[in-house]
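Next come the chains, spelled out residue by residue.
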Amino acid sequence: MARTKKYNETEVAEKAMNLFWKNGYGNTSMQMLEKEMGINKFSIYSSFGNKDGLFLKSLDCYKSRLFVLIDKLIKSTDGIPAIKEYFYDFVDFTRDTKNGKGCLVTNTANEIGLESEEKIPQVLKSFTDEIKQVFADKLRDKRNNDLDKIEEQADYLLISMFGLSSATRIFSEDQLKHYIENIFKNI
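Residues numbered from 1 in each chain as written. Predicted model: local features only at pLDDT ≥ 70, side-chain atom pairs only at ≥ 80, totals over all residues. Heavy atoms only, no water.

**Topic: the side chain of T94**
Examined against the element boundaries, T94 turns out to sit in helix 5 (residues 80-95). A relative accessible area of 1% places T94 in the buried class. For T94, the side chain forms a polar contact with the main-chain oxygen of V91, separated by 2.8 Å. Residue contacts for T94: discarding those within four places in its chain leaves G102 and T168. (Helix = DSSP H or I, 4+ residues; strand = E, 2+ residues; numbered from the N terminus. Buried < 20%, exposed > 50% of the residue type's maximum accessible area, 1.4 Å probe, protein only. Polar contact = N/O pair within 3.5 Å; in protein donor to acceptor, adjacent residues only side chain to side chain. Contact = heavy atoms within 4.5 Å.)

**Remarks on helix 1 (residues 9-23)**
Here helix 1 is 15 residues long and its end C-alpha atoms lie 21 Å apart, about the 21 Å a rise of 1.5 Å per residue gives. Buried residues belonging to helix 1 abut helix 2 (30-37), helix 3 (41-48), helix 4 (51-75), helix 5 and helix 6 (104-112). Structurally, the start of helix 1 carries an N-cap: the backbone nitrogen of T10 is 2.8 Å from a side-chain oxygen of N8. (Expected span 1.5 Å × (residues − 1).)

**Examining the packing of aromatic side chains**
Scanning all chains against the criterion turns up 11 aromatic pairs. Ring geometry for W21 and Y62: centres 5.0 Å apart, planes at 85°, overall edge-to-face. Within this pair, whereas W21 is found in helix 1, its partner Y62 is found in helix 4, the two being separated by 41 residues in sequence. Looking at W21, the relative accessible area reads 1%, which means it is buried. Measuring from centroid to centroid gives 6.4 Å for Y86 and F87, while their planes differ by 80°, and the two rings are edge-to-face. Judged by relative accessible area, F87 falls into the buried class, the value being 0%. Of the aromatic side chains, those joined through ring pairs into one cluster are W21, Y62, F90 and F93. Its guanidinium or amino end placed over the ring of Y25, K51 lies 4.4 Å from that ring's centre, counting from NZ or CZ. (Phe/Tyr/Trp six-rings, centres within 6.5 Å; stacked < 30°, edge-to-face > 60°. Lys NZ or Arg CZ within 6 Å of the ring centre and 35° of its normal.)

**Overview of the packing of helix 8 (residues 147-167) against helix 9 (residues 173-185)**
In the contact formed by helix 8 and helix 9, the axes pass within 11 Å of each other and the chain directions differ by 175°. Here helix 9 runs roughly antiparallel to helix 8, going by the angle between their axes. When helix 8 is examined against helix 9, the residues Y156, L157, S160, G163, L164 and A167 are found in contact with a partner set consisting of L176, Y179, I180, N182, I183 and F184. For the contact of helix 8 with helix 9, a count of residues per class yields nine nonpolar, three polar and no charged. (Axes fitted to C-alpha atoms, helices over the stretch in contact; angles between N-to-C directions. Parallel < 35°, antiparallel > 145°, perpendicular 65-115°, else oblique. Nonpolar A, V, L, I, M, F, W, Y, C, P; charged D, E, K, R; others polar.)

**Notes on empty space enclosed by the protein**
One pass over the structure, following the stated rule, counts two cavities of 30 Å³ or more. There is about 120 Å³ of room inside the largest cavity. Around the largest cavity sit 13 residues that line it, and C103, T106, F127, M161 and F162 are the ones nearest its centre. Within the residue set of the lining of the largest cavity, elements represented by two or more residues are helix 5, helix 6, helix 7 (119-140) and helix 8. It is helix 8 that provides the largest number of residues to the lining of the largest cavity, a total of four residues. Looking at the lining of the largest cavity residue by residue, the class counts come to 10 nonpolar, three polar and no charged. Computed from the structure, the second largest cavity encloses a volume of approximately 30 Å³. Looking at the second largest cavity, the residues that line it are L59, K63, V105, V123, L124 and F127. Sorting the residues of the lining of the second largest cavity by element identifies helix 4 and helix 7 as the ones contributing at least two each. With three residues, the single largest contributor to the lining of the second largest cavity is helix 7. (1 Å grid on protein atoms, 1.4 Å probe; cavity = no way out; pocket = protein on both sides within 12 Å on 5 of 7 lines; lining within 4 Å. Points joined across faces, edges and corners; volume = space filled by probe spheres on them.)

Structure (structure tokens):
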């Protein structure tokens with residue numbers, strides 16, 4: 001007879017997400033996860049398969065948090081000003097974590113790269129492609145039909161977002177504001 005789980009998978013995945021976000025994927029051990037999540041290795045393996053499976057579930061939790069900002073951007077009809085507002089909202093989002101942890105996706109991409117054949121880099125790449133597409137859609141809102149220019153600017157914004165994600169970990173509000181304002185002088 002199967003045992004009944006005495007924990008909520010989403011709640012323990014959120015705890016794991018915060019630990020991965022704080023320490024990085026490689027520096028987060030199974031022992032640390034057990035302690036933080038309040039469940040044993042058997043339960044982790046039973047629910048998530050392995051550390052990678054747990055990390056992927058943690059990424060889902062992260063994306064659901066971030067989706068509030070992304071959804072706001074998608075629904076906006078303001079084009080480039082909406083993207084700029086997203087950048088500022090993102091800074092606030094990273095500051096809400098109280099640890100100055102930056103962006104879980106960016107941190108992980110910087111740690112493990114995107115070129116591997118593993119599932120995690122594929123999920124990270126897919127997520128960044130989604131964000132780039134949202135940027136491209138908003139750039140089209142300004143009645144720009146030059147697809148090459150839109151692609152170029154969407155890449156620029158995505159890479160700028162990666163820079164901003166890392167910068168939120170160490171730079172002041174004023175420095176981040178200067179960075180964002182200069183990004184949008186080039187669009």
